[in-house]
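# Chains, contacts and geometry: an overview
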Amino acid sequence: QVQLVESGGGLVQPGGSLRLSCAASGSIVSINVMGWYRQAPGKERELVASITRGSTTNYADSVKGRFTISRDNAKNTIYLQMNSLKPEDTAVYYCNGYATYWNQNYWGQGTQVTVSS
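Conventions we followed
Residues numbered from 1 in each chain as written. Predicted model: local features only at pLDDT ≥ 70, side-chain atom pairs only at ≥ 80, totals over all residues. Heavy atoms only, no water. Core = buried A, V, L, I, M, F, W, Y, C linked by side-chain atoms within 4.5 Å. Buried < 20%, exposed > 50% of the residue type's maximum accessible area, 1.4 Å probe, protein only. Helix = DSSP H or I, 4+ residues; strand = E, 2+ residues; numbered from the N terminus. Contact = heavy atoms within 4.5 Å. Pairing = 2+ DSSP bridges.

Attention now moves to the nonpolar core. Among the nonpolar cores identified, the biggest contains 30 residues, and Trp-36, Leu-80, Met-82 and Tyr-93 are the most heavily contacted of them. Those elements giving two or more residues to this core turn out to be strand S1 (2–7), strand S3 (18–26), strand S4 (33–39), strand S5 (46–52), strand S7 (67–72), strand S8 (77–82), strand S9 (91–99) and strand S11 (111–115). In contact with Met-82, not counting residues within four places along its chain, are Gly-16, Ser-17, Leu-18, Leu-20, Arg-66, Phe-67, Tyr-93 and Val-113.

The following block contains the structure:
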C-alpha cells in the first residue's frame, strides 16, 4: 500500500502563489509516476502536472508557464509550485501515484485551493 498526504492549499488572491506538497509513504518503490490532478465543482478530475522517476515532466496546457512540478527523492515528496494563479484554478487538488507494473493508482485526500479576491 501507498499513502499520499497533501498539504499547502488555501485561499489566495488572483496573481498570487501557492506551493502544494505531497508526502508519500509505504510501498513507494512501485510508484513510477507521480502527479497532481484537480477537480472543480461540476467538472471532471483533470491532470495538472506529472513527473516520472527520471524527472520527466508533463503539464496541462492551461498551467504551462505558471505551475512547476518537482520532486525530492530523499523526502519522498513532490511539490507543485503555482504562480500567477487565476480564479479558474480554484479546485480540490489531489496527489496521485501510479504503479505501472500493477496498473494501480493511489490518491491523496485532496487539498482545497481557492483563488478569489
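Okay, the pairing of S5 next. Moving residue by residue along a regular strand, the side chains alternate between the two faces of the sheet. Relative to S5, S4 is paired through six bridges, and the arrangement is antiparallel. Opposite Tyr-37, over in S5, you have Leu-47 as the bridge partner. Between S4 and S5, which follow one another and run antiparallel, lie six residues, and Gly-42 among them has a positive phi close to 80°. Two strands pair when backbone bridges link them, and S5 and strand S6 (residues 57–59) are joined in this way by three bridges, in the antiparallel orientation. The partner of Ile-51 across the bridge, within S6, is Thr-57. Here S5 folds back onto S6 in antiparallel fashion, the turn holding four residues, of which Ser-55 has a positive phi close to 70°.

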